[in-house]
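Now for the letters of each chain:
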Protein chains: 2
Amino acid sequence: MSAATKPASEVDERPRSAGRPRVGILSRRLIGETALRLLDEDRDTGFRMSDLARALGVRVSSLYNHVENKAAVFAEIREILAERIDGEATPDPRWDRALRTWAHAYRAAFAAHPATVAYLSTLPLDANSTVGTAYDHLASQLQDAGWSAAESMSVIVAVESFVLGSALDASAPPDMLDPGQRTDVPRFSGAYHARRELAAAEGVTPADLAFALGLDALLEGLRLRLGAHATPSR
Amino acid sequence: MSAATKPASEVDERPRSAGRPRVGILSRRLIGETALRLLDEDRDTGFRMSDLARALGVRVSSLYNHVENKAAVFAEIREILAERIDGEATPDPRWDRALRTWAHAYRAAFAAHPATVAYLSTLPLDANSTVGTAYDHLASQLQDAGWSAAESMSVIVAVESFVLGSALDASAPPDMLDPGQRTDVPRFSGAYHARRELAAAEGVTPADLAFALGLDALLEGLRLRLGAHATPSR
DNA sequence: ACCTGAACACCGTTCAAGT
DNA sequence: ACCTGAACACCGTTCAAGT
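Just so it is clear, the model here is predicted, and its values are computed rather than measured.

With respect to the confidence of the model for chain A
Here chain A averages 85 in pLDDT, while 84% of its residues score no lower than 70. Per-residue pLDDT stays below 50 along residues 1-12 of chain A; that stretch engages in 14 contacts with residues further than four places along the chain or on separate chains.

A short note on the interface of chain A and chain B
One widely used convention gives an interface's size as the accessible area the parts lose upon coming together. Counting residues at the interface gives 62 residues for chain A, matched by 62 residues for chain B. Summed over both sides, the interface between chain A and chain B buries roughly 5,100 Å², with carbon and sulfur atoms accounting for 69% of that surface. Counting the contacts that link chain A with chain B gives two salt bridges. A salt bridge links Asp144(B) to Arg187(A); the shortest N-O distance between them is 2.9 Å. Applying the counting criterion to the chain A and chain B interface returns eight residue pairs in polar contact (both at pLDDT 80 or more). At the level of secondary structure, the elements contributing two or more residues to the side of chain A that touches chain B comprise helix 6 (114-120), helix 7 (130-145), helix 8 (149-171), helix 9 (186-202) and helix 10 (206-229) of chain A. Among the elements that line the side of chain A that touches chain B, the one with the most residues is helix 8 of chain A, at 15 residues.

Quick look at the packing of aromatic side chains
To describe a pair of aromatic rings, you give the distance between the ring centres and the angle between the ring planes. All chains considered together, the criterion is met by 14 aromatic pairs over all chains. Plain terms: the ring middles of Phe188(A) and Tyr135(B) are 5.2 Å apart, the flat faces sit at 70° to each other, and that makes the pair edge-to-face. Separated into two different chains, Phe188(A) in helix 9 and Tyr135(B) in helix 7 (residues 130-145) make up a pair that spans both. By relative accessible area, which is 1% here, Phe188(A) ends up buried. The class for Tyr135(B) is buried, based on a relative accessible area of 2%. On the numbers, 5.6 Å between centres and 5° between planes, the contact of Phe162(B) with Phe211(B) is stacked.

Focus: the pattern of salt bridges
Residue and element names in this part refer to chain A. For the structure on display, the rule yields 30 salt bridges over all chains. Between Arg29 and Glu83 there is a salt bridge, and its shortest N-O distance comes to 3.2 Å. Of this pair, Arg29 sits in helix 1 (residues 28-41) while Glu83 sits in helix 4 (residues 70-88), and the two are 54 residues apart along the sequence. Salt bridges linked by common partners bring Arg28, Arg29, Glu68, Glu76 and Glu83 together as one network.

A look at the packing of helix 5 (residues 95-111) of chain A against helix 8 of chain A
Residue and element names in this part refer to chain A. Put simply, helix 5 and helix 8 touch, their axes get as near as 9 Å, and they point 35° apart. In this structure, helix 5 meets helix 8 at a crossing whose hand is right-handed. Across the interface between the two elements, Leu99, Trp102, Ala103, Tyr106, Arg107, Phe110 and Ala111 from helix 5 touch Val155, Ile156, Val159, Glu160, Val163, Leu164, Ser166, Ala167, Ala170 and Ser171 from helix 8.

Looking at the environment of Asp96(A)
Residues and elements named next belong to chain A. Here Asp96 is to be found in helix 5. Judged by its relative accessible area of 3%, Asp96 is buried. With 45 residues separating them along the chain, Asp96 and Gln141 place their C-alpha atoms 9.3 Å apart. Asp96 has contacts with Leu219 and Arg223, leaving out every residue within four places of it along the chain. Reaching out from Asp96, the side chain makes a polar contact with the side chain of Arg223 at a distance of 2.6 Å.

Description of the environment of Asp92(B)
Residue and element names in this part refer to chain B. Here Asp92 shows up in the loop between helix 4 (70-88) and helix 5 (95-111). The spatial distance from the C-alpha of Asp92 to the C-alpha of Gln141 is 9.3 Å, given a sequence separation of 49 residues. For Asp92, the residues in contact, after removing those within four places along its chain, are Arg97, Ala98 and Gln141. Separated by 2.9 Å, the side chain of Asp92 and the backbone nitrogen of Arg94 make a polar contact.

Brief notes about helix 4 of chain A
All names here are of chain A. Its 19 residues give helix 4 an end-to-end C-alpha distance of 27 Å, which sits within 8% of 27 Å, the value for a rise of 1.5 Å per residue. The set of residues buried in helix 4 consists of Ala72, Val73, Phe74, Ala75, Glu76, Ile77, Arg78, Glu79, Ile80, Leu81, Ala82 and Ile85. Its side-chain oxygen at 3.3 Å from the backbone nitrogen of Ala71, Asn69 defines the N-terminal cap of helix 4.

Let's talk about the packing of helix 4 of chain B against helix 7 of chain B
Residue and element names in this part refer to chain B. The N-to-C vectors of helix 4 and helix 7 enclose an angle of 30°; their axes lie 8 Å apart at closest approach. Note on packing geometry: the crossing formed by helix 4 with helix 7 is left-handed. The segment helix 4 lies against helix 7, with Glu79, Ala82, Glu83 and Asp86 engaging Thr130, Val131 and Ala134.

With respect to the environment of Ala134(A)
Residue and element names in this part refer to chain A. Turning to its location among the elements, Ala134 is positioned in helix 7. Residue classification places Ala134 among the buried positions, given a relative accessible area of 10%. Remark: the alpha-carbon pair of Ala134 and Leu209, spanning 75 residues in sequence, is separated by 26 Å.

Focus on the relation of the copies chain A and chain B
Note on the copies: chain A fits chain B at an RMSD of 0.1 Å, the axial shift is 0.0 Å, and the rotation between them is 180°. Within this description, the copies of the chain are treated as partners about a two-fold rotation axis.

The rules behind these values
Residues numbered from 1 in each chain as written. Chains lettered and ligands numbered in written order. Predicted model: local features only at pLDDT ≥ 70, side-chain atom pairs only at ≥ 80, totals over all residues. Heavy atoms only, no water. pLDDT = per-residue confidence, 0-100. Contact = heavy atoms within 4.5 Å. Buried area = accessible area lost by both parts, 1.4 Å probe. Salt bridge = Lys/Arg side-chain N within 4 Å of Asp/Glu carboxyl O. Polar contact = N/O pair within 3.5 Å; in protein donor to acceptor, adjacent residues only side chain to side chain. Helix = DSSP H or I, 4+ residues; strand = E, 2+ residues; numbered from the N terminus. Phe/Tyr/Trp six-rings, centres within 6.5 Å; stacked < 30°, edge-to-face > 60°. Buried < 20%, exposed > 50% of the residue type's maximum accessible area, 1.4 Å probe, protein only. Axes fitted to C-alpha atoms, helices over the stretch in contact; angles between N-to-C directions. Left-handed = near helix turned anticlockwise from the far one by under 90°. Expected span 1.5 Å × (residues − 1). Least-squares fit on C-alpha atoms with pLDDT ≥ 70 in both.

Written as structure tokens, this is what we have:
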């Protein structure tokens, strides 16, 4: 977290009396950023509204002047992550490369925040959400490349589904699938350990391997499909 | 829900006094099945332990004789769904068709239960879990077809990630991505409505279209990759 | 407009008492 | 061993009072 987003109240330790402060302390954005930082620091427990208030040097009830409820905090987090993804994804004239860059930035942003993945995929988009803008850019590229309008939407959603599932996988405890001492599943056990060793040898996580292989296959399959029955616009 | 799994206590309305009943009323499995039914009936709110108790004709505290906590109820749900998937997936000698059948059964089982998706991907597998057995079957087929042990694991995880992400998508409110009255995202808006109309015309959901397209592409890409640099075992 | 302090509501979990 | 009844703990949310 950058110093710029650190609430001044964390430095100033003196208790504040009731009443409106001269300069505003909180904002929806600051609350979202702080919540995201808390999720980063403590991965599995999630944050409480009281944690959030303490980190902001404020009482819990103050938060409700800026967000309707806890779900709204998650919505704000989604906006922040969406903007981060948008900023990182460098535009690429080739639709498949653009999708790939987007997918990588997307997964990276969410893998660090498992608790947000389920929320993200369930909450309706806000009007004027940045997410919508990103979709528009990708949809344009896909349609220009020859995908039909309906297909372009399916392609985006399919890649997004793969990314979100992969983010869940990447955020799961590393030993989640560990067959342990079981002897009744030898091929699975062998596969599990082989992937783990391969990942270690390449200096990445097992989840990274599955993501890379899956994304490559998915994009390759999409390229093939476009080539097979597309009608390029020019 | 079948009559066989319906708790007798739902028929017998008379209040029960304290003390051990002659015949056991609850079991871990029955609790899991009932929780799953509650999730089916009320999609978004999730179930409370008190709901669960009422549905079983029992007091809340009784549940804790059979499950450690609410998370354990979700773990039991996962086992139930896993067995259901296993039962439905008919074996197929071709690895890609087997994966496809598995993916469809998997998504169908979880799309109806959004709340379980996030849990499922985070909870460690129980020893002797049915999930492990399913992995073993798939890993065997993949390795016999020429995939390396490490790759076979990545393939399974990649398909699973796509399935889980798609299940999240399928369980989201249908208007989640609706651009509404926005005029700044014309290509996205066009794509959104085109997909919706195509889905309506084909009698499926928009989520179904994206899932079908993505799964086809993913499997096609995997087939290609195996053909390109595989060393079949025979 | 925006913060404090106190209260309320909800819900998961525990535990002694009872058979 | 397994159910009841009552209590506790935690946490999200509300609201009047204060500047």
